[in-house]
Amino acid sequence: MAKELRNRKHKSELIALLHAEKFKRRTVSFYRYVKIAEPQKLRDELYEKWTALNAFGRVYLSYEGVNAQMSVPEPNWEAFVKLIYSSPAFKDVPFKFAIEDSGKSFYNLIIIVRDKIVADGIDDPTFDPSNTGAYLNAKEFNEYIEKPGTLVVDMRNHYESEVGRFENAFCPDSDTFKEELPEVIEHLKGQEDKNVLMYCTGGIRCEKASAYFKHKGFKNVFHLQGGIIQYAHEIKEQGLKSKFIGKNFVFDERVGERITDDIIAECHQCGAACDRHVNCRNDDCHLLFIQCEDCEKKMNGCCTPQCMEIAALPVEEQRKLRKGKKKTEKETLAVYKSRLRPNLKDILKNK
Ligand SMILES: [Zn+2]
Ligand SMILES: [Zn+2]
């Protein structure tokens, strides 16, 4: 290939460029389960066209469809929509707009081709993913949630539900969607006749999960149309009471969008009420955890004293420390998982 279809600038440079921009950006997400014959070819085409429109974001393509979180310059918005709708696979795909939008959600464009747009771990050939549950809008969801014997299930990971969730929802302790599906099915076994109400961030996980629940014998499966993002817009527009409390975790630079003023989580270091996710400032650690502003100052944005020591070193020395330490995929996953449930208070006590 003559042209290199990825960016080569450093993160800090890209962020500086983003903040120097003179126009506004719109944060938008969309997904669709649709057959894509040549995802790699489409990926390269989209990368070129979206780069020309100065669009940023994180996009997954696969034979089964598209899942995109993007930031698009306002002046190019119409051209962007026209471009997407001109492709038969994406014609009229519904857009979901961010609730709290600083326009600083992404600073580059990454398009990745994967086996599935959401890794679900399902390899059962008898499973029909098109047999999804029934959609509920915000008003209906609020009504159904009140019905006696209704099961409400959060189909997101534990670090997402930790800062925001529907009242009385079952929030599984999983790190990934793949682990979560069997965990939730196991937990709800024997209640196949009850109403199951499920929700996720933007709706994509529930498309799969609701069909899988039906496949596993659940008879009355409902899912929140457009997820928490759409719900938040609808309750605002229609003046409804939010039964979702706290923050909606999002996978971009903003980390979360506030839905209600309730703070339902606590700082992983001191236990104060806090729902602010940060990444450990030691780049080699980068642990995602909840840290209050006091602890951020005290710990210099790090998760442990070890990370503080490393983060205080000159950048060159930090790089040297990392050299030759390339982890295998399995090791990375193990570390990642153990870190996702950090008992940081205990770690700090033992230092
Ligand atoms: Zn704290
Ligand atoms: Zn750390």
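Residues numbered from 1 in each chain as written. Chains lettered and ligands numbered in written order. Predicted model: local features only at pLDDT ≥ 70, side-chain atom pairs only at ≥ 80, totals over all residues.

Draft legend 1. Region of the structure containing the confidence of the model for the chain. Averaged over all residues, the pLDDT of the chain equals 89, while 90% of them reach at least 70. Low pLDDT, under 50, characterises residues 337-341; the stretch is placed with 4 contacts to residues that sit more than four places away or in other chains. (pLDDT = per-residue confidence, 0-100. Contact = placed C-beta atoms within 7 Å.)

Draft legend 2. Examining the packing of helix 4 (residues 138-146) against helix 8 (residues 227-238) more closely. Direction vectors running N to C along helix 4 and helix 8 enclose 95°, while the axes themselves pass 9 Å from each other. Here helix 4 lies roughly perpendicular to helix 8, going by the angle between them. Of helix 8, the residues touching helix 4 (which contributes A138, K139 and F141) are Y231, E234, I235 and Q238. Partitioning the contact of helix 4 with helix 8 into residue classes produces 4 nonpolar, 1 polar and 2 charged. (Axes fitted to C-alpha atoms, helices over the stretch in contact; angles between N-to-C directions. Helix = DSSP H or I, 4+ residues; strand = E, 2+ residues; numbered from the N terminus. Parallel < 35°, antiparallel > 145°, perpendicular 65-115°, else oblique. Nonpolar A, V, L, I, M, F, W, Y, C, P; charged D, E, K, R; others polar.)

Draft legend 3. Spotlight on the domain arrangement of the chain. According to the domain assignment, the chain consists of domain 1 (11-113), domain 2 (134-238) and domain 3 (277-349). One C-alpha centre belongs to domain 1, the other to domain 2, and the line joining them spans 27 Å. Domain 1 puts 6 residues into the contact, and the matching count from domain 2 is 8 residues. In terms of residue class, the side of domain 1 that touches domain 2 is built from 3 nonpolar, 2 polar and 1 charged. (Domains from an automatic or database assignment.)

Draft legend 4. Structural context of helix 6 (residues 177-188). The end-to-end C-alpha distance of helix 6, which contains 12 residues, comes to 16 Å, matching closely the 16 Å that a straight helix rising 1.5 Å per residue would cover. By the burial criterion, the buried members of helix 6 are F177, E180, L181 and V184. Along the axis of helix 6, the buried residues cluster in a sector spanning 105°; they form a single face. Opposite its buried face, helix 6 presents the exposed residues E183 and E186, each directed more than 90 degrees away. Where helix 6 is buried, its residues meet strand 7 (151-154) and helix 7 (204-215). Once helix 6 ends, the next one or two residues include G190, with phi positive near 90°. (Expected span 1.5 Å × (residues − 1). Buried ≥ 20, exposed ≤ 12 C-beta atoms within 10 Å, placed from the backbone. Arc of directions from axis to C-beta.)

Draft legend 5. Highlighting the nonpolar core. Core analysis: the biggest nonpolar cluster contains 55 residues, and M70, V153, V196, M198, Y199 and Y231 have the highest contact counts within it. Looking at this core element by element, the count peaks at 6 residues for helix 7. Of the residues that make up this core, three or more belong to each of domain 1 (11-113) and domain 2 (134-238). For M70, the residues in contact, after removing those within four places along its chain, are V28, A55, F56, G57, V59 and F106. Counting 13 residues, the second largest nonpolar core, distinct from the first, contains F289, C295, C303 and C307. (Core = buried A, V, L, I, M, F, W, Y, C linked by C-beta atoms within 7 Å.)

Draft legend 6. The arrangement of the environment of D175 in detail. Structurally, D175 can be placed in the loop between strand 8 (164-166) and helix 6. Assessed through the 17 C-beta atoms surrounding it within 10 Å, D175 is described here as partly exposed. For the pair D175 and E162, spaced 13 residues apart in the sequence, the C-alpha separation amounts to 12 Å.

Draft legend 7. Spatial organisation of unusual backbone geometry. The phi torsion at V255 lies on the positive side, around 65°, for a residue other than glycine. In this fold, V255 is placed in the loop between strand 11 (244-249) and strand 12 (256-258). Within the chain, N300 stands out as a residue other than glycine whose phi angle is a positive 50°. As for its placement among the helices and strands, N300 is situated in the loop between helix 9 (293-299) and helix 10 (305-312). The partly exposed category is assigned to N300, around which 14 C-beta atoms lie within 10 Å.

Draft legend 8. Focus on the sheet that holds strand 7. Taken together, 4 strands build an open sheet; the order of strands is 6-10-9-7 and the sheet is parallel. Only two strands of the sheet have a single partner each, and these edge strands are strand 6 (134-136) and strand 7. Each neighbouring strand pair of the sheet contributes to a mean axis angle of 30°, computed without reference to strand direction. Strand direction decides the pairing type here: strand 7 and strand 9 (residues 195-199), joined by 4 bridges, are parallel. Bridge pairing in strand 9 links V153 to M198. Strands in contact with helix 7 are strand 9 and strand 10 (220-224); relative to strand 10, the strand with the most contacts, it is inclined by about 175°. (Pairing = 2+ DSSP bridges.)

Draft legend 9. Representation of the sheet that holds strand 11. Pairing within the open sheet is antiparallel, and its 3 strands lie in the order 8-11-12. Where the open sheet ends on each side, the last strands, each with one partner, are strand 8 and strand 12. Put simply, the sheet's adjacent strands are angled 40° from each other on average, direction ignored. Pairing analysis gives 3 bridges linking strand 8 to strand 11, with the strands arranged antiparallel.

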